[in-house]
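Reading the structure
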Amino acid sequence: MKRQLAVEKAKELLEKMTTEEKVAQMIQVTYTDGGREEALKWAKMGAGSFLHVLGDDARELQREAMKTRLGIPVIFGIDCIHGHGLNTSATIFPSQLTCACSWNPEVARVMGEVSAREVATDGLHWTFSPVLCLARDTRWGRVNETFGEDPYLAGELGAAIIKGYQGDDLSDDEHILACAKHYLAYGEATGGRDAYDTEVTERKVREVFLPPFQKAVEAGCATIMTAYGFTDGTPLTADRHIMHDILRDELNFDGFVITDWDNTQSLVWLQHIAADISEASVMAASAGNDMIMTTKGFYEGMLNALKEGKVDISVVDEAVLHILTIKYEMELFDKPEKKGEPGCFGKEEHLDAARDAARKSVTLLRNNGMLPLGNGIKKIAVIGENADNVRAQYGDWTYFTHPVPDPTNSRPAHRPYVTLWEGVKEICDQEGIEASYAKGCAVIPKGEDDLEEAVRIAKDADAIIYAVGDVIPQFGEFSDRADLNLSGKQYELFELLKATGKPICTVLISSKPLCMGITAEQADAVVCGFNGGMFAGQALAEAIFGKINPSGRLPISFPHHSGQIPVYYNQMPGWHGGKYNDMPKTPLFAFGEGMGYSAFEYENLTCGSDLQVSVTVKNVGKVEGTETVQIYQNDCVSSVLTPVRRLIAFTQVTLGAGESKEVQIQLKKDDFALINKKCEKVVEPGEFILYAGHSSKEEDLISITIKM
Ligand code: NOJ
């Protein structure tokens, strides 16, 4: 339904609603909080939404909602974060961080589109995705959920996945609503502590953290989720300036805002800025939160506040209008249930999309010639727990980490997943190579390590593939880490493997950059896989054997040491260059870094007055390869400090061996803007350095000076 008509319809309906019906419409009830009977009670009361309910249970609630006096349909939300992972039949994609290694918006779009289809088939309407927080303090447990450290890359991939989820029309049966979260600056919490104090100024917020959300709004994102954090003593939940003035008046967001989990009640029990739920309800709604996640006490709290004249009904009306408008736009009143294709979970086309995403995300970081494996290799030893640990490979937000009772599907996890060991074994079987596997040591020590067995098979092999990383309890919402060193005996095992003298390829299967130390510095090859989803193992094995030419690039920088964090590339020019005297100045691996079996050279960088950039890229390798052409800028003289380098554009080009191409990229004046002291976005006239090249590293870039 067209926007204007939806607004009119919503206004008409609002006129007919009682105060109780309006307040109930603002509540999102958690199905698992009280179970079926409790949920049915809330459906009859006219709750606006439910979360974490699947299939037939959701359908039953919808039937109840449709029987209410005004028959207002419920909207169902779910955490479909990298695939509809809370359903045990769904296609599991690479995590957002892994997907970001592809630097490919089309990969993100397809991931959104396929996931939407599977969510819609479950009768649900809405995912709490994407995460548009930036991961700059990587001790944070939720790094895996982000698109990495850079506002531009996160914004581009975020807009693409939103388009994939939502399609062109919110009423489409195979598309669902997206929710850009967590608004705002949630990832920047001090010390990497989840949902914590965020020491940022408004200028910095506008320069670094707002842009991805702006792109989400421009892409038509229907909903936004409020962050848990707080800045300068004010929780986002109660911050009308950020939640309303900036979001609605400046960005022109016209969907609805949902709080995060219990953000309203926590104003009382945790943050102590409200004396009781009534005061908290007024605060949250007045700040611009339209829907209240999981806090059922909001119902009584808000009704009491209204009775006592502590808040005007117009606050509730505005929120309900936002919610109903989206419900009308979705045509939910005419078709309360999405009619996705029955049984489309994990269908071939969906699995192919997950496989393609995994392949395009594999990032080769070091190679002294060991890879691709092939000639002369007769025996391979695959070592490490994460080489054969599907839970670690899937990462966060699947039925392994967030089990939800699934009435429509009692089957166990039976994915056609491929672990690294299985992927390697399959290729070895085809090529007559002998392969063996030993766990060696557990990522989290459990006392059952067998380093000797690992060394034994390593000694007997011609090449070693050694998987290192982290496992589920070490990351996620409640799992920030102070120490990003490899846990257990992972370094010790590497030393023993190294002592065999056999070439070692280290493969990182983890939720985020870890301090790889010797496992990277002394390895012959390093491959980053993060959490690649169902087909991670197949994609990694194909890259290792040269069946595909890896083209991933890092969306995030790797520290040498936890104490060196943050190491993100777009830092301000610090007096001592940001260097600790006991650490190298540069990160272990830099933003944008990644190699393949081809190499690329850049020349003839030009930029016209119309801001059309042109650069010649040549594949100087021996095989076809895909290069990500990265464009950065630096403002030579500005009224406020600007980062040493800032990504403003990128594109991909596939070139045959020896082939070269003039790559064109259209920039916009806005790409050179800064946020000045008055918090205004301006382009200050003067000189800028424009860089083009292979990664954010100085030595990988060529540059020219341009004038604006
Ligand atoms: C809390 C998390 O912060 C948020 O990302 C998630 O969507 C909600 N819980 C719902 O599960």
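To start, this report covers the structure provided alongside it.

The rules behind these values
- Residues numbered from 1 in each chain as written.
- Predicted model: local features only at pLDDT ≥ 70, side-chain atom pairs only at ≥ 80, totals over all residues.
- Heavy atoms only, no water.
- Helix = DSSP H or I, 4+ residues; strand = E, 2+ residues; numbered from the N terminus.
- Rg over C-alpha atoms; globule rule 2.2 N^0.38 Å.
- Buried < 20%, exposed > 50% of the residue type's maximum accessible area, 1.4 Å probe, protein only.
- Contact = heavy atoms within 4.5 Å.
- Areas by Shrake-Rupley, 256 points an atom, 1.4 Å probe, with all protein chains shown as cover.
- Lys, Arg positive; Asp, Glu negative; His and termini not counted.
- Charge placed at Lys NZ, Arg CZ, Asp CG, Glu CD.
- Phe/Tyr/Trp six-rings, centres within 6.5 Å; stacked < 30°, edge-to-face > 60°.
- Lys NZ or Arg CZ within 6 Å of the ring centre and 35° of its normal.
- Near = heavy atom within 4 Å.
- Polar contact = N/O pair within 3.5 Å; in protein donor to acceptor, adjacent residues only side chain to side chain.
- Axes fitted to C-alpha atoms, helices over the stretch in contact; angles between N-to-C directions.
- Parallel < 35°, antiparallel > 145°, perpendicular 65-115°, else oblique.
- Left-handed = near helix turned anticlockwise from the far one by under 90°.
- Nonpolar A, V, L, I, M, F, W, Y, C, P; charged D, E, K, R; others polar.
- Pairing = 2+ DSSP bridges.
- 1 Å grid on protein atoms, 1.4 Å probe; cavity = no way out; pocket = protein on both sides within 12 Å on 5 of 7 lines; lining within 4 Å.
- Points joined across faces, edges and corners; volume = space filled by probe spheres on them.
- Domains from an automatic or database assignment.

Attention now goes to the overall build of the protein. Within the protein, the secondary structure is distributed over 20 helices and 25 strands. Against the compact-globule benchmark of 27 Å for 708 residues, the protein has a radius of gyration of 26 Å, which places it among compact chains. Projected onto its principal axes, the C-alpha positions of the protein cover 80 × 65 × 45 Å. Classification of the 708 residues of the protein by burial places 63% in the buried group. Long-range contacts, defined as pairs at least 24 residues apart, comprise 76% of the intrachain contacts of the protein with a sequence gap of at least 6. Carbon and sulfur atoms make up 49% of the accessible area of the protein, which totals about 25,500 Å². Here the protein contributes 70 positively and 102 negatively charged side chains, and the mean placements of these two sets differ by 1 Å.

This brings us to the packing of aromatic side chains. The geometry of an aromatic ring pair comes down to the distance between the two centres and the angle between the two planes. With the rule as written, the count across this model stands at 23 aromatic pairs. Relative to Phe591, the ring of Trp103 lies with its centre 5.2 Å away and its plane at 50°, an arrangement referred to as tilted. With Trp103 in the loop between helix H5 (96-100) and helix H6 (105-121) and Phe591 in the loop between helix H20 (536-544) and strand E17 (600-607), the pair connects residues that are 488 residues apart, well separated along the chain. Judged on exposure class, the residue Trp103 and its partner Phe591 are both buried. Pairing Tyr394 with Tyr417 gives two aromatic rings, centres 6.3 Å apart and planes at 90°, and the pair type is edge-to-face. In this pair, Tyr394 sits in helix H15 (residues 390-394) while Tyr417 sits in the loop between H15 and helix H16 (420-431), placing the two residues 23 residues apart along the sequence. Three or more aromatic residues joined by ring pairs form one cluster here, namely Trp103, Tyr152, Tyr569, Phe591, Tyr632 and Phe650. Stacked on the ring of Tyr691, the Lys or Arg Arg645 has its end atom at 4.6 Å from the ring centre.

With that out of the way, let us pick up the site of the ligand. Within the structure, the ligand sits among 14 residues, and Asp79, Arg142, Lys181, His182 and Asp260 are positioned closest to it. At 3.4 Å, a side-chain N or O of His52 approaches an oxygen atom of the ligand. For the ligand, whose free accessible area comes to 290 Å², the fraction covered by protein is 97%.

We now examine the packing of H6 against helix H14 (residues 348-361). As a packed pair, H6 and H14 sit with axes 10 Å apart at the nearest point and diverge in direction by 150°. By the angle class used here, H6 and H14 are roughly antiparallel. Of the two possible hands of crossing, H6 and H14 adopt the one that is left-handed. Along its contact with H6, which presents Val107, Val110, Val114, Arg117 and Glu118, the element H14 presents Glu349, His350, Ala353, Ala357 and Lys360. Of the residues assigned to the contact of H6 with H14, the class counts are 5 nonpolar, 1 polar and 4 charged.

Turning to the sheet that holds strand E6 (residues 223-226), a few remarks are in order. What the 3 strands build is an open sheet, ordered E5-E6-E9; its pairing is parallel. Where the open sheet ends on each side, the last strands, each with one partner, are strand E5 (179-183) and strand E9 (256-258). Ignoring which end each strand starts from, the neighbouring axes of this sheet average 25° apart. Taken together, the 3 bridges between E6 and E9 define a ladder with parallel strand orientation. Each bridged residue has a counterpart across the sheet, and for Ile224 the counterpart in E9 is Val257. Its contacts with the sheet place helix H8 (residues 202-218) against E5 and E6, and it is angled at close to 155° to E5.

This part covers the environment of Glu174. Relative to the elements of secondary structure, Glu174 occurs in the loop between helix H7 (151-166) and E5. Along the sequence, Glu174 and Thr121 sit 53 residues apart, while their C-alpha atoms lie 7.7 Å from each other. Non-local contacts of Glu174, meaning those with residues more than four positions away in its chain, are made with Ala116, Arg117, Ala120 and Glu341.

This next bit is on the environment of Asn549. Tracing the sequence through the fold places Asn549 in the loop between H20 and E17. Taking the C-alpha atoms as reference points, Asn549 and Pro372, 177 residues apart in sequence, are found 9.0 Å from one another. The contacts of Asn549, once residues within four sequence positions are left out, are Gly596, Tyr597, Ser598, Val623, Glu624 and Gly625. One polar contact links Asn549 to Ser598, side chain to side chain, over a distance of 2.9 Å. A distance of 2.8 Å separates the side chain of Asn549 from the backbone oxygen of Glu624, its partner in a polar contact.

Our next topic: helix H11 (residues 277-287). Burial in H11 covers these residues: Ser278, Ala280, Ser281, Val282, Ala284, Ala285 and Ala287. On its buried face, H11 is in contact with helix H9 (240-250), helix H10 (266-269), strand E10 (292-293), helix H12 (298-307) and helix H13 (313-329). Of the residues that open H11, the one with a side-chain oxygen 3.1 Å from the backbone nitrogen of Ser278 is Asp276. One or two residues past the end of H11 sits Gly288, with phi positive at roughly 120°.

Here the focus is the packing of H11 against H12. In a pair of packed helices, the angle between the axes and the distance between the axes together describe the arrangement. Put simply, H11 and H12 touch, their axes get as near as 8 Å, and they point 85° apart. The angle between H11 and H12 falls in the class roughly perpendicular. Side by side, H11 and H12 meet where Ile277, Ser278, Ser281, Val282 and Ala285 of the first sit next to Phe298, Gly301, Met302, Asn304 and Ala305 of the second. Residues belonging to the contact of H11 with H12 are distributed by class as follows: 6 nonpolar, 4 polar and no charged.

Moving on, we come to empty space enclosed by the protein. Applying the stated criterion across every chain, the model contains 5 cavities of 30 Å³ or more. Space inside the largest cavity adds up to approximately 70 Å³. Lining the largest cavity are Glu207, Gln633, Asn634, Asp635, Thr642, Pro643, Arg646, Phe672, Ala673 and Leu674. Its residues assigned to classes, the lining of the largest cavity shows 4 nonpolar, 3 polar and 3 charged.

Here the largest pocket defines a volume of roughly 830 Å³. Lining of the largest pocket is provided by 34 residues; of these, Arg206, Glu207, Pro211, Arg646 and Lys681 occupy positions nearest its centre. Among the elements of the structure, H7, H8, strand E20 (646-655) and strand E22 (674-675) are those that each provide at least two residues to the lining of the largest pocket. Considering each element in turn, the lining of the largest pocket owes the most residues, 10 residues, to H8. Tallied by class, the residues present in the lining of the largest pocket amount to 15 nonpolar, 3 polar and 16 charged. When residues of the lining of the largest pocket are sorted by domain, at least three fall in each of domain 1 (2-15 + 24-329) and domain 3 (600-707). Empty space within the second largest pocket amounts to approximately 710 Å³.

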